[in-house]
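Reading the structure
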Amino acid sequence: MAEKEKKGVKLEHISKIYKDPKTGRDFYAVKDADLEIKPGTFVTLLGPSGCGKTTTLRMIAGFESPDEGEIYLGGEPINELTPNKRDTAMVFQSYALLPHYNIFDNVAYGLKLRSLPKEEIVRKVTDILGLVGLEGMENRMTNQLSGGQQQRVALARALVLQPGVLLFDEPLSNLDAKLRVSMRTEIRRIQQEAGITAIYVTHDQSEAMAISDEIIIMERGVVAQIGSPTEVYYHPKSRFVADFIGEANFIDAKVLSGGERAQVEVLGEQLTVGNHTGLNAGDAAQLVIRPEAARLSDDGVLKGKVTLSTFMGSYQYYRIVLAGDEHEIQITDYNPIGRKTYQEGDDAALDFSAESVYIIPGTGAEAEE
Amino acid sequence: MTTSQSARLERKKLMGDPIMVTTIVVLITFLTLFILYPLAILLVDSFIRDGAPTFSIFSEILALGSFRTAITNTLKVGFLVGILSTLIGLLFAYVEVYVKLNTRFIGGIFKLVSMLPVVSPPFVLSLSVIMLFGRQGIITRYILGIYNNNVYGFWGITLVQTLTFFPVCYMMLKGLLKNIDPSLEEAARDMGASRMKVFQTVTLPLMLPGLGNAFLVTFIESIADFANPMIIGGSYDTLATTIYLRITGAYDKQGAAAMAVVLLCITLAMFAVQKYYLEAKSTATLSGKASRERMLISDKSVKYPLTILCALLALFVLLMYVCVPFGALFTTWGRNFNLTTKWFAQVFTRYKGFRVFRDSFVLSLISAPITALLSMIISYLVVKRKFKAKGFIEAVSMLAMAVPGTVLGVGYIRGFAGGVFRTGFLQSFYGTGAILVIVFIVRSLPTGTRSGISALRQIDKSIEESAYDMGANSFKVFMTVTLPLIKDSFLSGLVTSFVRSITAISAIILLVTPSYLLITVQINEFAEKGSYGLACAFATILIVITYGSVLLMNLIIKYFGTSRKVKGGEE
Ligand SMILES: Nc1ncnc2c1ncn2[C@@H]1O[C@H](COP(=O)(O)OP(=O)(O)OP(=O)(O)O)[C@@H](O)[C@H]1O
Ligand SMILES: [Mg+2]
């Protein structure tokens with residue numbers, strides 16, 4: 001059905017300034033966002049609450065105007081276009097179905113505005129309702145649908161217009177956990193089938209990991225990192241990203257020599273670790289250890305004392321305090337059968353390979369500010 | 001700083017929407033020309049004489065003993081009416097929300113009371129009070145045997161205004177009481193407080209800003225009221241009647257303008273306090289819904305006295321209304337109680353009844369849809385759109401709420417009798433039906449807008465955004481989404497503004513010319529002359545018309561309204 005050209009989206013140094021209603025002072029809700037979204041890809045805007053995801057999306061849709069920069073859709077600058085003239089379609093968090101219309105009329109709304117012939121409208125609406133699994137429900141009113149079904153109508157209504165880009169603002173947040181998981185797979189399937197460019201806002205990292213070609217992580221209005229799910233998980237560029245995506249332990253480290261594998265000094269020990277951010281000798285750094293990247297063993301470089309040991313079913317959960325460090329490190333040991341189980345108070349050391357841990361810039365003291 | 005780009009883009013987007021721009025320009029012109037300009041001209045008039053600024057006009061009117069008395073009279077009445085209406089309103093609200101009412105009859109009484117202010121022409125109660133308690137009053141003369149009771153004056157106005165305005169307080173306070181979380185009071189009860197104590201220490205303090213709000217709203221209404229003091233005031237003049245007499249009796253238009261400015265300042269000051277201080281405060285202390293159902297009081301020692309008190313008051317009000325048709329059916333009120341249709345017949349044979357009703361009806365019928373549509377458009381712009389002039393549009397439409405009809409009337413005389421700024425521009429407009437229609441619209445616009453705004457605030461902003469996003473322009477969004485979603489508010493605005501227009505008098509009486517005969521003006525004339533039979537005959541027909549329209553509205557909303565669907569869920 002994707003006879004239409006897919007469009008890419010480009011944000012060129014986009015900023016949005018709001019007035020804080022309390023203090024009355026201006027602040028950047030989005031600051032200097034510079035990114036390019038390739039045609040036909042599924043891109044997620046991910047970040048904690050208030051980081052500017054919705055604002056970015058609404059600027060693309062045209063509901064807000066950027067204070068700086070230019071937005072391009074399919075190569076055309078669109079800053080001056082009103083939302084109704086932009087080739088975008090949005091799926092709202094609250095679904096925003098038109099409550100006085102039935103399902104058919106909701107989906108047909110945009111087509112009628114484009115004055116398509118009646119038979120074509122009927123055909124398109126029927127096709128799309130089939131695609132989202134709502135065939136036969138044309139005559140229901142919106143309040144006679146479950147949350148998941150309403151979500152599908154909202155999706156169908158946007159898809160039927162074959163927009164250059166499809167925008168989603170936390171579309172699944174009103175659904176229960178189970179439905180969220182199945183709907184996200186479905187959204188991904190439909191996007192692939194329709195071959196449409198999609199920008200998807202969420203603050204749920206597992207959702208982002210599951211459906212995206214590319215994730216854009218935002219922190220307080222600024223783009224922190226752009227990359228594929230594996231990239232952002234395995235090669236975070238900052239402590240914020242490492243912390244936000246999955247779990248991570250951080251230990252201060254000193255870079256002794258740079259290169260693809262760096263030599264670092266951690267808690268008085270010398271280690272060889274990954275260095276994808278290209279830090280050089282003398283830089284302040286932090287060693288990142290994902291809880292599943294290390295195991296406990298009797299002998300290893302970093303030694304400490306176990307402070308908590310809990311059996312969680314699929315894994316054994318440990319906390320350990322390393323000698324010379326006051327922070328607790330979390331370790332999840334999947335598949336502990338056949339290995340020694342440590343108890344609270346036991347001495348143990350961390351065991352990991354050079355490929356599974358890496359350093360990122362910054363110090364722990366900075367991060368705690 | 002850098003926000004200039006977004007401002008420029010917003011402007012550009014707005015300009016790309018010609019219908020929206022036109023609408024905004026038309027609205028601003030309308031509001032400026034018909035609300036701001038007449039008020040501004042009053043200021044000009046009262047400070048400029050023969051082209052030079054002066055305070056002499058003010059010092060002249062303030063030197064008038066009658067004007068100074070009118071000020072104190074107005075404030076005295078307003079104060080007492082405010083207090084009494086708030087108290088009675090609180091009583092009714094408390095009984096409805098807190099006390100277990102077990103008969104449908106009592107429930108019906110409450111419904112009736114809430115309905116009355118909507119359908120009642122302003123001076124009906126004055127007529128009935130004169131007929132019941134006046135020199136020829138049925139109650140005073142025939143039941144109590146008092147032959148020289150004087151209802152005219154302070155007590156007459158106070159009684160009538162209290163009975164007219166307390167339902168408004170009742171409705172306001174009912175909403176607030178319903179929002180009090182029952183657990184607050186139950187906690188106090190648990191600690192051993194008596195019911196009276198709970199009322200004094202919990203309920204009352206929570207209600208205080210709301211009570212203040214109700215008091216001020218009534219105070220303003222009372223001060224602005226023209227019809228009742230006119231009929232039952234006797235020689236007790238209030239500001240509104242004094243201004244009217246200044247124009248129609250003393251032909252001193254500049255003096256009247258200065259007096260109108262004084263009246264306007266009083267109402268504006270109170271309105272400012274009410275709107276920006278008390279209203280915010282009363283909703284802030286009592287926001288949100290009560291968490292669960294309240295245990296209703298079924299204690300007989302509380303329930304019976306309170307319910308009986310309310311029932312008596314309500315029946316008394318009802319009696320007043322019943323009195324009006326009888327006033328039209330008795331041969332001579334107070335002397336000859338034989339039933340007759342002669343007054344009704346005279347209305348049509350001798351006093352051009354058909355023309356009177358046609359004129360009133362047609363003018364109100366023209367203004368109602370315009371008002372309803374205009375108030376929905378204003379609400380839409382205010383709630384859903386952002387643009388520079390939005391604050392202006394909202395402020396001026398709300399300002400109109402604080403302008404007494406008499407003030408507006410004087411403003412129109414001064415502003416349009418010689419054309420705009422006495423240039424002759426729009427002069428032909430003066431004295432036509434069009435100016436009456438405009439006055440009707442301006443007088444009903446604030447109520448309609450307020451109802452539209454609160455209806456629209458309930459609607460998720462993204463519903464309209466989604467339509468906009470799918471390609472509809474502002475006009476399409478308004479017609480296909482906004483208006484259908486607030487259809488109920490639109491329909492009730494239609495009827496409310498019709499009823500308000502057909503029962504309006506204060507501004508109109510100053511502007512109407514002999515080419516238009518209006519019902520309210522006729523009633524006022526006959527009541528002034530003491531022809532109560534005719535006044536009652538006109539009033540009866542008017543009540544039937546207004547009551548009929550309200551019934552019709554309820555029917556229409558029942559069958560065509562959408563609110564049930566919009567609220568979703570159960571049907
Ligand atoms: N109209 C507005 N006026 C002033 N500040 C605003 C406005 N809209 C958003 N903000 C502020 O801008 C910042 C970014 O808001 P935004 O809605 O984009 O966050 P978000 O990333 O979508 O968060 P969430 O996950 O909670 O939806 C927040 O601090 C928010 O309070
Ligand atoms: Mg958001």
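Rules used throughout
Residues numbered from 1 in each chain as written. Chains lettered and ligands numbered in written order. Predicted model: local features only at pLDDT ≥ 70, side-chain atom pairs only at ≥ 80, totals over all residues. Heavy atoms only, no water. Helix = DSSP H or I, 4+ residues; strand = E, 2+ residues; numbered from the N terminus. Rg over C-alpha atoms; globule rule 2.2 N^0.38 Å. Buried < 20%, exposed > 50% of the residue type's maximum accessible area, 1.4 Å probe, protein only. Contact = heavy atoms within 4.5 Å. Areas by Shrake-Rupley, 256 points an atom, 1.4 Å probe, with all protein chains shown as cover. Lys, Arg positive; Asp, Glu negative; His and termini not counted. Charge placed at Lys NZ, Arg CZ, Asp CG, Glu CD. Near = heavy atom within 4 Å. Polar contact = N/O pair within 3.5 Å; in protein donor to acceptor, adjacent residues only side chain to side chain. Nonpolar A, V, L, I, M, F, W, Y, C, P; charged D, E, K, R; others polar. Buried area = accessible area lost by both parts, 1.4 Å probe. Patch = residues over 30% accessible without salt bridge, like charges linked within 9 Å, V, L, I, M, F, W, Y side chains within 5 Å. Salt bridge = Lys/Arg side-chain N within 4 Å of Asp/Glu carboxyl O. Pairing = 2+ DSSP bridges. Axes fitted to C-alpha atoms, helices over the stretch in contact; angles between N-to-C directions. Domains from an automatic or database assignment. Parallel < 35°, antiparallel > 145°, perpendicular 65-115°, else oblique. Left-handed = near helix turned anticlockwise from the far one by under 90°.

Scanning chain B from terminus to terminus reveals 26 helices and four strands. Whereas a compact globule of 571 residues would reach a radius of gyration of roughly 25 Å, chain B reaches 25 Å, a difference of no more than 12%. A principal-axis box enclosing the C-alpha atoms of chain B has dimensions of 80 × 70 × 50 Å. Looking at chain B as a whole, 54% of its 571 residues are labelled buried. The contacts of chain B with a sequence gap of at least 6 include a subset with a gap of at least 24, amounting to 78%. With the model as given, the accessible surface of chain B reaches about 24600 Å², and the carbon-plus-sulfur share is 66%. Taken together, the 51 basic and 28 acidic charged side chains of chain B have centroids lying 4 Å from each other.

Residues and elements named next belong to chain A. Surrounding ligand 1, one finds Tyr18, Lys19, Phe27, Ala29, Ser49, Gly50, Cys51, Gly52, Lys53, Thr54, Thr55 and Glu170. The separation between an oxygen atom of ligand 1 and a polar main-chain atom of Cys51 is 3.2 Å. Contacts to ligand 1 include Gly52, whose backbone N or O atom sits 3.0 Å from an oxygen atom. Starting from 630 Å² of accessible surface for ligand 1 in isolation, the protein chains cover 63%. With three residues, the single largest contributor to the shell around ligand 1 is helix α1 (residues 53-61). For the shell around ligand 1, the residue count by class is four nonpolar, five polar and three charged.

Here the focus is the interface of chain B and chain A. Where interface size is given, it is often the accessible area lost as the parts come together that is meant. In this assembly, 36 residues from chain B lie in contact with 42 residues from chain A. Interface area lost by chain B to chain A is led by B:Lys13, B:Asp469 and B:Met470, which between them contribute 25%. If you look at where chain B meets chain A, you find 17 residue pairs in polar contact (both at pLDDT 80 or more). It is helix α20 (residues 461-469) of chain B that provides the largest number of residues to the side of chain B that touches chain A, a total of eight residues. Of the residues in the side of chain B that touches chain A, the class split is 12 nonpolar, 12 polar and 12 charged.

Here we take up the environment of B:Ile541. Residues and elements named next belong to chain B. Residue placement: Ile541 occurs in helix α25 (residues 532-560). Taking the C-alpha atoms as reference points, Ile541 and Thr248, 293 residues apart in sequence, are found 28 Å from one another. With residues up to four places along the chain from it excluded, the contact list for Ile541 reads Phe344, Phe348 and Phe357.

Right, let's get into a nonpolar patch on the surface. Residues and elements named next belong to chain B. Taken together, the side chains of Tyr142, Ile143, Leu144, Ile146 and Phe337 define a hydrophobic patch exposed on the protein surface, amounting to about 490 Å² of accessible area. Along the chain, Phe337 falls in strand β4 (residues 336-339). A relative accessible area of 34% means that Phe337 is categorised as partly exposed.

Attention now goes to the pairing of strand β6 (residues 88-91) of chain A. Across a regular strand the side chains alternate sides, sitting on one face of the sheet and then on the other. Residue and element names in this part refer to chain A. The side-chain alternation of β6 yields two buried faces, one formed by Thr88 and Met90 and the other by Ala89 and Val91. Pairing of β6 with strand β7 (residues 165-169), which is carried by four bridges, proceeds in the parallel orientation. By the bridge assignment, Met90 is partnered in β7 with Leu167.

A few words on the sheet that holds strand β18 (residues 328-334) of chain A. Residues and elements named next belong to chain A. Overall, antiparallel pairing links the five strands, which are arranged β15-β19-β16-β17-β18 in an open sheet. Two strands in the sheet have a free side with no partner beyond their single neighbour: β15 (295-297) and β18. The average undirected angle you get between the axes of adjacent strands in this sheet is 50°. Note that β15 and strand β19 (residues 347-351) share three bridges and pair antiparallel. Along β19, the bridge assignment pairs Ser297 with Ala349.

Below, the discussion takes up the side chain of A:Asn249. Residue and element names in this part refer to chain A. Within the fold, Asn249 resides in strand β11 (residues 249-257). Judged by relative accessible area, Asn249 falls into the buried class, the value being 4%. Within the structure, the side chain of Asn249 is placed 2.8 Å from the backbone oxygen of Gln330, a separation counted as a polar contact. In contact with Asn249, not counting residues within four places along its chain, are Leu287, Val288, Ile289, Arg290, Pro291, Glu328, Ile329 and Gln330.

On to the domain arrangement of chain A. Each assigned domain of chain A is listed with its residue range as follows: domain 1 (9-234), domain 2 (247-292 + 352-369) and domain 3 (294-350). Between domain 1 of chain A and domain 2 of chain A, the C-alpha centre-to-centre distance is 37 Å.

This part covers the packing of helix α2 (residues 18-47) of chain B against helix α17 (residues 390-399) of chain B. Residues and elements named next belong to chain B. Closest axis-to-axis distance for the α2/α17 pair is 10 Å, and the angle between their directions is 40°. Classified by the interaxial angle, the pair formed by α2 and α17 is oblique. Judged by the sense of rotation from one axis to the other, the crossing of α2 with α17 is left-handed. On α17, the residues touching Ile24, Leu27, Ile28, Leu31, Thr32, Ile35, Leu36 and Leu39 of α2 are Phe392, Ile393, Val396, Ser397 and Leu399. Considered class by class, the residues forming the contact of α2 with α17 number 11 nonpolar, two polar and no charged.

Residues and elements named next belong to chain A. With respect to topology, six strands assemble into an open sheet ordered β6-β7-β8-β3-β9-β10, the strand pairing being mixed. The open sheet terminates on both sides in strands that have one partner only, identified here as β6 and β10 (222-227). Averaged over all pairs of adjacent strands, the angle between their axes in this sheet comes to 20°, without regard to strand direction. The pairing of β7 with strand β8 (residues 197-202) spans five bridges and is classified as parallel. From the neighbouring strand, Leu166 faces β8, where its bridge partner is Ala198. The strands touched by α1 are β3 (42-46), β6, β7, β8 and β9 (214-219); relative to β7, the strand with the most contacts, the crossing angle is about 150°.

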